[in-house]
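# Understanding the architecture of this molecule
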Amino acid sequence: MKKKDPFFWVTISCGIIIMAFILLPLVEMMAAPSLPMLKKTICDKDVVRSIRLSIITAGSAALISFLLGTPLAYFLARNHFRGKRLIESIIDLPIVIPHPVVGIAILSVAGKNHWLGKILHELGIRIMGSVTGIIVVLIFVGMPFYVNCVKDGFERVSPRLENVSRSLGASMFSTFFRVTFRLAWRSMVIGFIMAMARAISEFGAVVIVAYHPMIAPVMIYERFAGFGLKYSQPVAVWLVSVCLILFLTVRILTLRKPATS
Amino acid sequence: MKKKDPFFWVTISCGIIIMAFILLPLVEMMAAPSLPMLKKTICDKDVVRSIRLSIITAGSAALISFLLGTPLAYFLARNHFRGKRLIESIIDLPIVIPHPVVGIAILSVAGKNHWLGKILHELGIRIMGSVTGIIVVLIFVGMPFYVNCVKDGFERVSPRLENVSRSLGASMFSTFFRVTFRLAWRSMVIGFIMAMARAISEFGAVVIVAYHPMIAPVMIYERFAGFGLKYSQPVAVWLVSVCLILFLTVRILTLRKPATS
Amino acid sequence: MIRVTDLNINLGGFQLCDINLTIAENEFFVLMGPTGSGKTVLLEAIAGLIPVKTGNISVDKKNITRIPPEKRGVGIVYQDQALFPHLTVKENILYGIPYQKIKKSVAEKRLDDLIGILNISHILDRFPVNLSGGEKQRVAMARALIVHPKILLLDEPLSALDPNFRKEMKTALKALQQSSMTTFLMVTHDFGEAFYLADNAAVINQGRIAQTGRVDDLFQHPVSPFVAEFVGMENIFPASFIGNKAILGDLEIDIGINVRHTSTYLAIRPEDIQISKTPILENGYHGLKGSISDFIDSGIYFNVSVNVGTVIFQILMLKNTLLDMGITTGSEIYLNIRPAAFHTF
Amino acid sequence: MIRVTDLNINLGGFQLCDINLTIAENEFFVLMGPTGSGKTVLLEAIAGLIPVKTGNISVDKKNITRIPPEKRGVGIVYQDQALFPHLTVKENILYGIPYQKIKKSVAEKRLDDLIGILNISHILDRFPVNLSGGEKQRVAMARALIVHPKILLLDEPLSALDPNFRKEMKTALKALQQSSMTTFLMVTHDFGEAFYLADNAAVINQGRIAQTGRVDDLFQHPVSPFVAEFVGMENIFPASFIGNKAILGDLEIDIGINVRHTSTYLAIRPEDIQISKTPILENGYHGLKGSISDFIDSGIYFNVSVNVGTVIFQILMLKNTLLDMGITTGSEIYLNIRPAAFHTF
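Residues numbered from 1 in each chain as written. Chains lettered and ligands numbered in written order. Predicted model: local features only at pLDDT ≥ 70, side-chain atom pairs only at ≥ 80, totals over all residues. Heavy atoms only, no water.

## Some remarks on the overall build of chain A
Looking only at helices and strands, chain A features 12 helices and 0 strands. Ordered by position from the N terminus, the helices and strands of chain A form the series α-α-α-α-α-α-α-α-α-α-α-α. Dimensions along the principal axes, computed over C-alpha positions, put chain A at roughly 70 × 65 × 35 Å. When contacts within chain A are restricted to residue pairs at least 6 apart in sequence, those whose partners lie at least 24 apart make up 76%. As displayed, chain A has an accessible area near 11,300 Å², and 68% of this comes from carbon and sulfur atoms. Computed over 28 positive and 12 negative side-chain charges, the separation of the two mean positions in chain A equals 7 Å. (Helix = DSSP H or I, 4+ residues; strand = E, 2+ residues; numbered from the N terminus. Contact = heavy atoms within 4.5 Å. Areas by Shrake-Rupley, 256 points an atom, 1.4 Å probe, with all protein chains shown as cover. Lys, Arg positive; Asp, Glu negative; His and termini not counted. Charge placed at Lys NZ, Arg CZ, Asp CG, Glu CD.)

## Side note on the overall build of chain C
Of the regular secondary structure elements, chain C holds 9 helices and 21 strands. Along the first, second and third principal axes, the C-alpha atoms of chain C reach 70 × 45 × 35 Å. For chain C, buried positions account for 55% of its 345 residues. In chain C, the proportion of contacts linking residues at least 24 apart, taken out of those at least 6 apart, comes to 65%. Accessible surface for chain C amounts to roughly 14,300 Å². Of this, 50% is attributable to carbon and sulfur atoms. Taking the average location of the 32 positive side-chain charges in chain C and that of its 35 negative ones, the two points are 9 Å from each other. (Buried < 20%, exposed > 50% of the residue type's maximum accessible area, 1.4 Å probe, protein only.)

## Considering the interface of chain B and chain A
Taken together, the contact between chain B and chain A spans 89 residues of the former and 89 residues of the latter. A buried area of about 8,000 Å², summed over both sides, lies between chain B and chain A, and 84% of it is on carbon and sulfur atoms. Considering only the side of chain B, the residues that lose the most area to chain A are Phe 7, Phe 21 and Arg 85 of chain B, jointly responsible for 8% of the buried surface there. At the surface where chain B touches chain A, the tally comes to 0 salt bridges. At the boundary of chain B and chain A, one finds 6 residue pairs in polar contact (both at pLDDT 80 or more). (Buried area = accessible area lost by both parts, 1.4 Å probe. Salt bridge = Lys/Arg side-chain N within 4 Å of Asp/Glu carboxyl O. Polar contact = N/O pair within 3.5 Å; in protein donor to acceptor, adjacent residues only side chain to side chain.)

## Re the nonpolar core
Nonpolar side chains in soluble globular proteins tend to end up buried together. Residues Met 141 of chain C together with Met 141 of chain D are the most contacted members of the largest nonpolar core, which totals 356 residues. Among all residues touching Met 141 of chain C, those that are not within four sequence positions of it are Val 77, Leu 118, Leu 152, Leu 154, Met 169, Leu 173, Leu 176 and Phe 184 of chain C. (Core = buried A, V, L, I, M, F, W, Y, C linked by side-chain atoms within 4.5 Å.)

## Regarding empty space enclosed by the protein
Counted under the stated rule, the structure contains 1 cavity of 30 Å³ or more. Considering only enclosed or pocket space, the largest cavity measures out at about 90 Å³ in volume. What lines the largest cavity is Pro 94, Ile 95, His 99, Val 141, Phe 145, Arg 198 and Ser 201 of chain A together with Ile 95, His 99, Phe 145, Arg 198 and Ser 201 of chain B. Sorting the residues of the lining of the largest cavity by element identifies helix H4 (84–96), helix H7 (131–155) and helix H9 (172–201) of chain A as the ones contributing at least two each. The class makeup of the residues in the lining of the largest cavity is 6 nonpolar, 4 polar and 2 charged. (1 Å grid on protein atoms, 1.4 Å probe; cavity = no way out; pocket = protein on both sides within 12 Å on 5 of 7 lines; lining within 4 Å. Points joined across faces, edges and corners; volume = space filled by probe spheres on them. Nonpolar A, V, L, I, M, F, W, Y, C, P; charged D, E, K, R; others polar.)

## Looking at the interface of chain D and chain A
With 28 residues of chain D at the interface, the matching set in chain A holds 20 residues. Carbon and sulfur atoms supply 61% of the area buried between chain D and chain A, which totals about 2,100 Å² over both sides. Looking at the side of chain D facing chain A, the largest losses of area belong to Glu 70, His 86 and Tyr 95 of chain D, adding up to 30% of the total buried there. The interface formed by chain D and chain A includes 2 salt bridges. For Arg 160 of chain A, the salt bridge identified is with Asp 80 of chain D, shortest N-O distance 3.4 Å.

## Quick word on the relation of the copies chain B and chain A
For the pair of chain copies, the relating transformation is a rotation about an axis with a translation along it. You can overlay chain B on chain A at an RMSD of 0.1 Å; the transform is a turn of 180° with a shift of 0.0 Å along its axis. Classification of the inter-copy transformation places it as that of a two-fold axis. Taking C-alpha positions as reference, the residue of chain B nearest the rotation axis is Gly 204 of chain B, located at 2.7 Å. Here 100% of the interface residues in chain B have copies in chain A that are interface residues too; the copies meet face to matching face. (Least-squares fit on C-alpha atoms with pLDDT ≥ 70 in both.)

## So, the state of the cysteines
One covalent bond between the sulfur atoms of two cysteine residues makes up a disulfide. Inspection of every chain in the model, using the stated rule, returns 0 disulfides over all chains. Distance from the sulfur of Cys 14 of chain A, which forms no disulfide, to the nearest cysteine sulfur (Cys 149 of chain B) is 17 Å. (Disulfide = S-S within 2.5 Å.)

## Some details on the side chain of Asp 92 of chain B
Among the secondary structure elements, Asp 92 of chain B is positioned in helix H4 (residues 84–96). Once you skip the residues sitting within four places of it in the chain, Asp 92 of chain B turns out to touch Phe 247 and Arg 251 of chain A together with Pro 144 and Asn 148 of chain B.

## Some remarks on the pattern of salt bridges
All names here are of chain A. Here the structure, examined in full by the defined rule, presents 34 salt bridges over all chains. One salt bridge connects Glu 202 with Arg 198, and the closest N-O pair in it is separated by 2.9 Å. The pair formed by Glu 202 and Arg 198 is uniform in burial state, with each residue classed as buried.

## Details of a nonpolar patch on the surface
On the surface, a nonpolar cluster with roughly 440 Å² of combined accessible area is contributed by Val 10 of chain A together with Phe 173, Phe 177, Phe 181 and Trp 185 of chain B. The dominant element in the nonpolar patch, judged by the number of residues it contributes, is helix H9 (residues 172–200) of chain B, at 4 residues. (Patch = residues over 30% accessible without salt bridge, like charges linked within 9 Å, V, L, I, M, F, W, Y side chains within 5 Å.)

## Some details on the side chain of His 114 of chain A
Within the fold, His 114 of chain A resides in the loop between helix H5 (99–110) and helix H6 (115–122). By relative accessible area, His 114 of chain A is classed as buried at 6%. Sequence-distant contacts of His 114 of chain A, that is, excluding residues within four places in its chain, are made with Ser 108 and Val 109 of chain A together with Glu 28 of chain B.

## Observations regarding unusual backbone geometry
With the exception of glycine, most residues fall at negative phi, and the peptide bonds are largely trans. The residue after His 212 of chain A, namely Pro 213 of chain A, is reached through a cis peptide bond having omega -10°. Tracing the backbone shows Pro 213 of chain A in the loop between helix H10 (204–209) and helix H11 (216–227). A positive phi angle, near 45°, is found at Asp 6 of chain C, a position not held by glycine. Structurally, Asp 6 of chain C is set in strand E1 (residues 2–11). For Gln 81 of chain D, which is not glycine, the phi torsion reads 70° and is therefore positive. For Gln 81 of chain D, the location among the structural elements is in the loop between strand E6 (74–77) and helix H2 (89–94). You can call Gln 81 of chain D buried: its relative accessible area is 7%.

## Some points on the confidence of the model for chain C
Looking at chain C, pLDDT values average 88 and 98% of them are 70 or higher. The ipTM value of the predicted complex is 0.84, and its pTM value is 0.87. (pLDDT = per-residue confidence, 0-100.)

## Let's talk about the sheet that holds strand E12 (residues 240–242) of chain D
Residue and element names in this part refer to chain D. The strand order across the open sheet formed by 3 strands is E12-E13-E14, and the pairing between neighbours is antiparallel. Pairing within the sheet leaves two strands with one partner each, and these edge strands are E12 and strand E14 (251–254). Sheet twist, expressed as the mean angle between neighbouring strand axes with direction ignored, is 25°. As judged from the 3 bridges shared by E12 and strand E13 (residues 245–248), these two strands associate in the antiparallel manner. Within E13, the position partnered with Ile 242 by the bridge is Lys 245. (Pairing = 2+ DSSP bridges. Axes fitted to C-alpha atoms, helices over the stretch in contact; angles between N-to-C directions.)

## Section: the pairing of strand E19 (residues 311–318) of chain D
Residues and elements named next belong to chain D. With 7 of 8 residues buried, E19 lies mostly within the body of the structure. Taken together, the 8 bridges between strand E18 (residues 301–308) and E19 define a ladder with antiparallel strand orientation. Its bridge partner being in E19, Phe 302 is matched across the sheet by Met 317. Linking two consecutive strands that pair antiparallel, namely E18 and E19, is a turn of 2 residues; a positive phi of about 60° is found at Gly 309 within it.

## Considerations on the packing of aromatic side chains
Each pair of aromatic rings is reported with the distance of its centres and the angle of its planes. What the rule picks out here adds up to 46 aromatic pairs over all chains. Between Phe 75 of chain A and Phe 8 of chain B the ring centres are 6.0 Å apart and the planes differ by 65°, which places this aromatic pair in the edge-to-face class. Of the two residues, Phe 75 of chain A sits in helix H3 (residues 45–78) while Phe 8 of chain B sits in helix H1 (residues 6–31), which places them in two different chains. A relative accessible area of 13% means that Phe 75 of chain A is categorised as buried. (Phe/Tyr/Trp six-rings, centres within 6.5 Å; stacked < 30°, edge-to-face > 60°.)

## A short note on the sheet that holds strand E14 (residues 251–254) of chain C
Residues and elements named next belong to chain C. The 3 strands are arranged E12-E13-E14 in an open sheet whose pairing can be described as antiparallel. Both outer strands of the open sheet, strand E12 (240–242) and E14, are each paired with one neighbouring strand and no more. Across the sheet, the axes of successive neighbouring strands diverge by a mean angle of 25°, strand direction being ignored.

## Brief notes about the environment of Asn 303 of chain D
Mapped onto the secondary structure, Asn 303 of chain D falls in strand E18. Spatially, the C-alpha atoms of Asn 303 of chain D and Ala 140 of chain D are 38 Å apart, while their sequence positions differ by 163 residues.

## Examining the packing of H9 of chain B against helix H12 (residues 229–255) of chain B
Residue and element names in this part refer to chain B. For the pair H9 and H12, the least separation of the axes is 10 Å and the interaxial angle reads 160°. It follows that H9 is roughly antiparallel to H12 by the angle criterion. Between H9 and H12 lies a crossing of left-handed hand. Judged by residue contacts, Arg 186, Val 189, Ile 190, Ile 193, Met 196, Ala 197 and Ile 200 of H9 engage Val 242, Cys 243, Leu 246, Thr 249, Val 250, Leu 253 and Thr 254 from H12. Counted by class, the contact of H9 with H12 contains 11 nonpolar, 2 polar and 1 charged residues. (Parallel < 35°, antiparallel > 145°, perpendicular 65-115°, else oblique. Left-handed = near helix turned anticlockwise from the far one by under 90°.)

Below, the structure written as structure tokens:
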């Protein structure tokens, strides 16, 4: 009976359309380049260098999000105070800022006519056209994903567990490491990978701050603009493969919800 | 006592650093252009046209996400079945695909040497360099945000309410409109705006599929590449303002959790 | 009338096996069992909200097993009430009216009647979030009854309420069932509720029906140690029977009746044993000499443990009765049990 | 010893006002009250888990109001047990040991003792998710007691359990408190539990203490209609008093004692009234003639309503007693109330 309901068929049809819409272009693109072409591309030093740079910069950005974002996420998960919504809104801001604007905003404070830019210049730190600049941009776009994911993870750990731990004699630090961290580490890993995946996919903001050194998305754009679709596809395939590995890791971690956590 | 805890100070410091890191560039960028310059920019027909195009294309993309995504989101919120995780993973895929790659993937199926491209061509639908193409790209990047947000909204509506409604004589359709929709419409609005905000901020995927007609992020990039930071900032300010209005709408809707829902 | 025949349900690791139940028209039937025994699943199956694997459910001789829930005429009231949060109390109650083929005046009449019986006229314009647990429960009842369901299913309607409200709701429930002439099927794990409200009951355990029958029959004549323990028959002894004698270890009791030789348990309700300082010999009471080994004060009554040889009997007494007798731990007393209080299975 | 002095707490719309409590060393103290009255908040304040606005909490004469929870020596057992899901039962129990300055052998001795008392040796290697509610509760108790807290706070430890497990846990709780020589402060809303477990108790209502005292004192001598109703004193009548006469509408009762002229209520416990066919004149019993208007069968006992003039008395009787008397609705009977059963406030 249930399967004859029109409601059911509407939902199924919409589902199939959306699945096809997402999968068709991706599968087609992955299948388009021939194997020799893929092999040739991966032997291209520029391609390898750009993908390596993408991984390193995105990884560094995620690492910094982890270091700075974890305490903040914990604070937000455990405290309720006036203005909490405002802080959460500010953390979400980078998600809605158009990508080239992110780059422009970061350059706005990195110029020598800005006090912060001056300080950075005197410290010998360059933003424009540098690996540092890329990392800064990628932290900006990846941070909200890390903080939100880990905040959710901490919220799922009952404060009562922490209360019991403290009533048994454990300090706040000890409680965090023996209980909270042990129960929330999975969401920290997921948050890390999500921030990294978001960073590795960024193009618009990076292309403003640093066309060179060239990260993979910029390289793909350059190949496309310079040589056309056919020459950009193999590079895209390799980059997407990296992204898919990250993505699958997240999915497997989310899937495994063992009895013990 | 609580305020003296070192744990507390670590979290506060991290919080302040992150807030400053996000706000400083944005505020600086918003403050950089002079008022006459902002006025001059908004009188520039090209700028106005690009912002209008951005709003229209992003809005259309969000609308299509709404039409197709709502039934799917409801289906996912109410049913548990083998392979559900897989479908959820596919829906999330666009989030991790690097932006230029999204454009390349869509072009991969839109070319005349692909069966889908042929059909589209015969129907007179152009993807490359057209408004249609831009909308297709923006649906691709915005859909996961809509579906996930609305799925969460539906999950928060207890199935027991639907059960009671049906036991009182209401059909599945009637139940959906009188109960589920009435309780979840807010998350549908939020999902719509999030999909639109995500779409309006997209650059990398659009620039591959359609440099012209020019949406606002592409215009900003062009101004930056052609005339430098100073000339891109005013356009960025106007675009960001649009994004912030969308963003604030979401926040206010999220904030208002009235007694009746 | 509800008839459930050979019902099997498999729902994600949880299952109901071979459920058979018959509930007469306009009856108040109670379904009892420990947590996780499958009571709510059975209700939802009858309401058509979860799929049935095999078996049939019929209402008034009409097979409804494959009919969608909205066409069954089966109402449901959940423990958490499940009021529509976006509608006022009045709108909640009237929710089902558009689907009934009745005149507006009839609906208004029914509304007025229910408001009167349930005493909710003062909260009609409030939203559910502003109601107390008891008020919510009344509204949920009104909403379910206004559409005149053939059957009303109630999932532990009283257990979420504070003890002091429960009595009031219990009375309201009984009045509603009597005035609405609807078959009520209620889940509970409180025997007091069952006694007050229901005629017949079923005890369910691990997805199977352990016993059905009149409430006092379940209470007095359980058919298995599980049901006996569930209904609070605290004296349950493995025993062998010869003639009309029951043998409990070193204790022989004349139980006054011949017992089927297949019986292996002797059981006595704790309130069916009376304590006296001298044996009572009238009324066929049977006296056993023992000594008091423990008291547990529960406010209104005492749980008294009495050793008779190596067998320990549990006795429930009103506190005052015991205090009047002036006995304490160690006192030598007689246990008096009338023959009808001996149960064997 | 715990002493709470003028405690005020303001926690997001909810508040505790002017709480004063003294709990003696090694006492089993019970805190009762309806849902939402602030019982759990008070426990968490004593454990140092929520901030105190004004007032003091001291343990053994040491002011602990500003001391972090880990230095208070106050254990807590929640209703939902809050076992660490990533640790086995044994690891859960031993969690607090590293913070105690005790030898490994001492810890092992304590572990063995607790395993024995609580009968949990067979589940030591399991994870909490695989335990039943009663097992979880035992593990939570062992985990809290192994660190020898000065005070153990228990938040409705029995209410999440199935009724059949409750009795067992109640016995275990009492044994543990007696063997551990620890002060227990337990929240409950079940009077039977209070009677069995506790010496003294407090009733809390809307953030304020309504009454404190011995459990049977609260039960027999409530100081306000709220407490009287809360402890189930079903006969609560507004009354005026002249000499040793109480006037309830058109009914005059000689209550045998002079009452303070400030009293405005007469209350009688339903089990303190006895029904007989002829008036009992011994023991100073006071007989009132009435007629039975209603029975409610609750399985073990009957709730009987008796009209005496326009006043309706509620009486609780064991079912057998009533059946032996052979009376039914409408029967003319006498109510016998001993002078000690009249309470005024």
